[in-house]
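Summary of the model geometry
If you want the building blocks of each chain, they are given just below.
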Amino acid sequence: MTEMHSSGPEPARILLVEDNPGDVRLTREAFEAARIESDLYVVSDGAEALEFLEQRGEYEDAPRPDLVLLDLNLPRASGEEVLTELKDDPELRTIPVIVLTSSRAEEDIVRSYELHANAYLTKPVDPDEFIETIRAFEEFWFTVVHLPSEVDES
């Protein structure tokens, strides 16, 4: 349960798009260990990610994430497809997307940036290094970087 603080900032809303349950668990552990408040939402495939982002189906009441952590190798719709659709949508394109994947292939890195990913992180194999990578990412994106506010389209 998330505790509400009237004086502090709202927790960052992060959408994790990851089909590996072990990586989801490690990411949750890293976020719980971090000092920055965040709400982590998890979907396990690319099609589900697009439904969440576009607030369709069971996700019609889903919040707009402040940031997306996106694996490239996903079932139903690839990370590249999700990235393309997200960055082609004028209402969603300002959401920063961090590719978090096991691929170290130069073509994946180049292609992700061509599709306007905001950063590309390779998942370390060692669980402690994985947690440290997530904590470093979170520290940077939520204390150093200024993210755009949600635009009210009413």
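Residues numbered from 1 in each chain as written. Predicted model: local features only at pLDDT ≥ 70, side-chain atom pairs only at ≥ 80, totals over all residues. Heavy atoms only, no water.

Identification of the protein as Response regulator receiver domain-containing protein from Natronobacterium haloterrestre is taken from an unreviewed UniProt entry.

1. Some points on unusual backbone geometry
Most peptide bonds take the trans configuration, and most residues that are not glycine carry a negative phi. Even without glycine at this site, Arg76 takes up a positive phi of about 70 degrees. Relative to the assigned elements, Arg76 resides in the loop between strand 3 (67-70) and helix 3 (79-88). With a phi close to 75 degrees, His116 is a non-glycine residue in the positive phi region. Topologically, His116 is positioned in the loop between helix 4 (106-114) and strand 5 (119-122). (Helix = DSSP H or I, 4+ residues; strand = E, 2+ residues; numbered from the N terminus.)

2. Thoughts on the nonpolar core
Among the nonpolar cores identified, the biggest contains 23 residues, and Leu15, Val17, Val43, Leu53, Val68, Leu70 and Leu86 are the most heavily contacted of them. Taken together, the elements giving at least two residues each to this core come down to strand 1 (12-17), helix 2 (46-53), strand 3, helix 3 and strand 4 (97-101). Top contributing element to this core by residue count: helix 2, with 4 residues. If we ignore the near neighbours within four places in the chain, the residues touching Leu70 are Val17, Gly79, Val82, Leu83, Val97, Ile98, Val99 and Leu100. Counting 19 residues, the second largest nonpolar core, distinct from the first, contains Ile14, Phe130, Trp141 and Phe142. (Core = buried A, V, L, I, M, F, W, Y, C linked by side-chain atoms within 4.5 Å. Buried < 20%, exposed > 50% of the residue type's maximum accessible area, 1.4 Å probe, protein only. Contact = heavy atoms within 4.5 Å.)

3. A look at the side chain of Ser103
Along the polypeptide, Ser103 turns up in the loop between strand 4 and helix 4. Look at Ser103 and you get buried, because its relative accessible area is 12%. Within the local environment of Ser103, its side chain forms a polar contact with the backbone nitrogen of Ala105, the two atoms lying 3.2 Å apart. In contact with Ser103, not counting residues within four places along its chain, are Asp108, Tyr120 and Thr122. (Polar contact = N/O pair within 3.5 Å; in protein donor to acceptor, adjacent residues only side chain to side chain.)

4. Details of the packing of aromatic side chains
Between two aromatic rings, the relevant description is the distance of the centres plus the angle of the planes. Per the counting criterion, the structure on display carries 2 aromatic pairs. Judged by centre distance (5.7 Å) and plane angle (50 degrees), the ring pair of Tyr41 and Phe52 falls under tilted. One end of the pair, Tyr41, is in strand 2 (residues 38-43); the other, Phe52, is in helix 2, and 11 residues separate them in sequence. Accessibility expressed as a relative area gives 5% for Phe52, which makes it buried. Plain terms: the ring middles of Phe52 and Tyr59 are 5.4 Å apart, the flat faces sit at 55 degrees to each other, and that makes the pair tilted. A relative accessible area of 12% places Tyr59 in the buried class. An aromatic cluster of three or more residues is present, and its members are Tyr41, Phe52 and Tyr59. (Phe/Tyr/Trp six-rings, centres within 6.5 Å; stacked < 30°, edge-to-face > 60°.)

5. Comments concerning helix 3
If you check which residues of helix 3 are buried, you get Gly79, Val82, Leu83, Leu86 and Lys87. On an axial view of helix 3, the arc spanned by its buried residues comes to 115 degrees, and they lie on one face. Along its buried surface, helix 3 packs onto helix 2, strand 3, strand 4 and helix 4. (Arc of directions from axis to C-beta.)

6. Thoughts on the packing of helix 1 (residues 21-33) against helix 5 (residues 127-144)
Where helix 1 contacts helix 5, the two axes come as close as 9 Å, and the packing angle between them is 55 degrees. By the criterion of interaxial angle, the relationship of helix 1 to helix 5 is oblique. For the pair helix 1 and helix 5, the sense of crossing is right-handed. Taken together, the residues of helix 5 that come into contact with helix 1 (itself represented by Asp23, Leu26, Thr27, Glu29, Ala30, Phe31 and Ala33) are Pro127, Phe130, Ile131, Ile134, Arg135, Phe137 and Glu138. Of the residues contributing to the contact of helix 1 with helix 5, the split by class is 9 nonpolar, 1 polar and 4 charged. (Axes fitted to C-alpha atoms, helices over the stretch in contact; angles between N-to-C directions. Parallel < 35°, antiparallel > 145°, perpendicular 65-115°, else oblique. Left-handed = near helix turned anticlockwise from the far one by under 90°. Nonpolar A, V, L, I, M, F, W, Y, C, P; charged D, E, K, R; others polar.)

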